[in-house]
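Below, each chain spelled out in residue letters.
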Amino acid sequence: MTLHTKNSWEQRDMESVFHGFTDLETLKRNGPVVLTHGEGIHVFDVHGKKYMDANSGLWNNVAGFNHQGLIDALCQQARRFPGYHSFFGRIGDTTVALSEKLIQLSPFSSGKVYYTNSGSEANDTVVKMLWMLHRRNGQPQRRKIITRVNAYHGVTVATASMTGKAYNAEFGLPLPGFLHADCPHYWRFGQAGESERDFSRRLSRNLEEMIIKEGPDTIAGMFCEPVQGAGGVIPPAEGYFEDIRPILRKYGIPLIADEVITGFGRTGELWGSEKYNVQPDAIVASKCITAGYFPMGAVIIGGDLCDALTRVSEAAEEFPHGFTAGGNPLGSAVALKALEVLETEGLLDNVRSLSPHFMDGLKRLAQHKHAGEARGVGFMGAVELVADKATKLPLDGKLQISERIANKALEKGLICRPLGQAIVLGPPFIMTKGQMGEMFDILDDTMTEVFADVGL
Ligand SMILES: *Cc1c(COP(=O)(O)O)cnc(C)c1O
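From a predicted model like this one, the values you see are computed outputs, not experimental measurements.

So, how was this worked out
Residue positions are given per chain, counted from 1 along the sequence in the order it is written. Per-residue local features are limited, in this predicted model, to residues with pLDDT of at least 70; the limit for side-chain atom pairs, both in listing and counting, is 80 or more; totals at the level of whole chains, interfaces and linings are taken over all residues. Excluded from the side-chain calculations are hydrogens and water; all other atoms, namely the structure's heavy atoms, are used. Pairing between two strands is assigned when DSSP locates at least 2 bridges connecting them. Here a strand is any run of E in DSSP of at least two residues, a helix any run of H or I of at least four, and the numbering for each starts at the N terminus. Helix axes are fitted only over the stretch in contact, all axes being lines through C-alpha atoms; the angle between N-to-C directions runs from 0 to 180 degrees. Throughout, a contact is declared for two residues whenever any of their heavy atoms are within 4.5 Å. A cutoff of 4 Å decides nearness: a residue is near a molecule or strand if any of its heavy atoms lies inside that distance of it. Nitrogen and oxygen atoms within 3.5 Å of one another constitute a polar contact, given that in protein one can donate a hydrogen and the other can accept it, and given that sequence-neighbouring residues count only through two side-chain atoms. Areas reported here follow the Shrake-Rupley algorithm with a probe of radius 1.4 Å; residue values treat only the protein chains shown as occluding. Each residue gets one label: Ala, Val, Leu, Ile, Met, Phe, Trp, Tyr, Cys and Pro are nonpolar, Asp, Glu, Lys and Arg are charged, and the others, such as Gly, are polar. Domains are outlined according to an automatic or database domain assignment. When two parts are put together, the accessible area they lose, computed with a 1.4 Å probe and summed over both, is reported as buried area. Note on definitions: salt bridges are taken to be side-chain nitrogens of Lys or Arg within 4 Å of carboxyl oxygens of Asp or Glu. In this analysis a 1.4 Å probe is tested at points of a 1 Å grid over the protein atoms alone, and where it fits but cannot get out there is a cavity; an open set with protein on both sides within 12 Å along at least five of seven lines is a pocket; lining residues have an atom within 4 Å of a point. Grid points are joined across faces, edges and corners, and a volume is the space filled by probe spheres set on the points.

Spatially, four strands are ordered β11-β12-β15-β14 in an open sheet, and the strand pairing comes out antiparallel. Two strands lie at the open edges of the sheet, namely β11 (371-377) and β14 (417-419), each paired on one side alone. Adjacent strand axes in the sheet meet at a mean angle of 25° when their direction is disregarded. Against the sheet, helix α16 (residues 433-453) makes contact with β11, β12 (380-385) and β15 (422-425), and its axis sits at roughly 165° relative to β15, the strand it touches most.

Here it is, written out as structure tokens:
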């Protein structure tokens, strides 16, 4: 391979880039994939090798990698007004137009939008909003944040604390006051003989017990992904949100929907909150808000919460928080265009119409002897690999089965994502039925080969 030749892009990467969320053993062995450009749902590396990206980049490049309309929107805005901030009551006109559009598309009848550069920053922002709100309302002790095991809410100090993954122990996180309720994954955590509906009820009882034990007036808010994404694509168990919603209302605990993955069509509905009847007080969006063409995060604050926040901010003179590049006009222009593309170019329709086909493909993969559950919704899905289908016993972690499958698929020109012992797929919304068939054929063959390689 060209990998270790001096001055290859791979070598230059390895000597100059510090990669996060990257298995460094694999990186040393196989090298990075250095890309030059993309066409539709494919990307090309520096050697001209073509890969189908079954994960839309990181869930976000939903309109493909060279959408001319998006590129033009970005370029036009760049020529007119490429950058401005939103402090001191100033803002670019395009960002105002985007805000109106986001509120109009949101499940809220009124509200306002707060801009950041990423999903982590947006979640972090909501934590500060809630802390300020409760403090100003005479409840300074109301600071605890509830999320769930296997949640992913980002990487800042607060959002890593909210993320329910063991790796954050590397940083001595979570910080105190960040609580993790049960993960709503019925297949994995349901008890023998327990129905899915009863499972949801049990989880909601556990949640109420947690709230009572901690003290209801110490809880600032609860954050939920409508479908847990980086936790391995976990749609909520049946009735889950219907069960927890009244409990949160009862104790005056705001519910924030982290729609960084599920927002803008991934589940087949515009919002995961619609799909699963979440009824949030605010929505956090990022990832495909700009179809991956510009960094942007947004908090869409529903009317009631927004009024309350406005009141306390006025009392304090301001909401003392902001990101220099938040609400950048370039991002706003491309986001406006991305929302138009989603609606007018049939992207959402494509997710809806091909979703059953996508689910069938996942089920086909789950027929492998060492595949347990096939799960998903819309255009997000996973196949969980197991040692034993009946007992759901996981495979030996040392096998690194999902990494092996992903690495072998990469050799065959398919980018998919190993997550724990699952293979996760999140195709671009423009994927055709033919391409979807090709994706599942490659994965099917890859799984057969890898299982044979490791003697399973
Ligand atoms: C990716 C993600 C985030 C973090 O977004 P960044 O832009 O990477 O900071 C937060 N929440 C969810 C659900 C995500 O998938």
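That covers the picture; the talk isn't over yet.
Moving on to the site of the ligand. Near the ligand you find Ser 118, Gly 119, Ser 120, Asn 123, Tyr 152, His 153, Gly 154, Glu 225, Asp 258, Val 260, Ile 261 and Lys 287, and these make up its full shell. Between a nitrogen atom of the ligand and a main-chain N or O atom of Tyr 152, the distance comes to 3.3 Å. Within the side chain of Asp 258, an N or O atom sits 2.7 Å from a nitrogen atom of the ligand. Across the complex, the protein chains shield 84% of the 380 Å² of accessible surface that the ligand would expose by itself. The biggest single contributor to the shell around the ligand is helix α6 (residues 119-136), with three residues. In terms of residue class, the shell around the ligand is built from three nonpolar, six polar and three charged.

Our next topic: the domain arrangement of the chain. For the chain, the domain assignment lists domain 1 (33-63 + 346-453) and domain 2 (70-344). Taking only C-alpha atoms into account, the centre of domain 1 sits 27 Å from that of domain 2. With 32 residues of domain 1 at the contact, the number on the domain 2 side is 32 residues. The largest contributions to the domain 1 side of the interface with domain 2 come from Trp 59, Met 380 and Lys 392, which together make up 24% of the buried area. Taking the shortest distance from any N to any O, the salt bridge between Glu 269 and Arg 352 comes out at 3.7 Å. With five residues, the single largest contributor to the side of domain 1 that touches domain 2 is β11. The residue inventory of the side of domain 1 that touches domain 2, partitioned by class, reads 17 nonpolar, nine polar and six charged.

Applying the stated criterion to the full structure yields two cavities of 30 Å³ or more. For the largest cavity, the full set of lining residues is Val 62, Ala 63, Leu 70, Phe 264, Cys 288, Ala 291, Ala 338, Leu 339, Val 341, Leu 342, Leu 347 and Phe 429. Among the elements that make up the lining of the largest cavity, the one with the highest residue count is helix α13 (residues 329-344) (four residues). Broken down by class, the residue content of the lining of the largest cavity amounts to 12 nonpolar, no polar and no charged. Residues from two domains meet in the lining of the largest cavity; each of domain 1 (33-63 + 346-453) and domain 2 (70-344) gives at least three.

On to the sheet that holds strand β4 (residues 111-116), then. Whether parallel or antiparallel, the strands of a sheet pair through hydrogen bonds between backbone atoms. The seven strands lie next to each other as β4-β10-β9-β8-β7-β5-β6, forming an open sheet whose pairing is mixed. Looking along the sheet, the strands with just one partner apiece sit at the ends: β4 and β6 (178-181). Shown here is a sheet whose adjacent strand axes are inclined to one another by a mean of 20°, direction ignored. Where strand β5 (residues 144-148) meets strand β7 (residues 219-224), three bridges bridge the pair, whose relative direction is parallel. Residue Ile 145 lies in a different strand from β7, and its bridge partner there is Gly 221.

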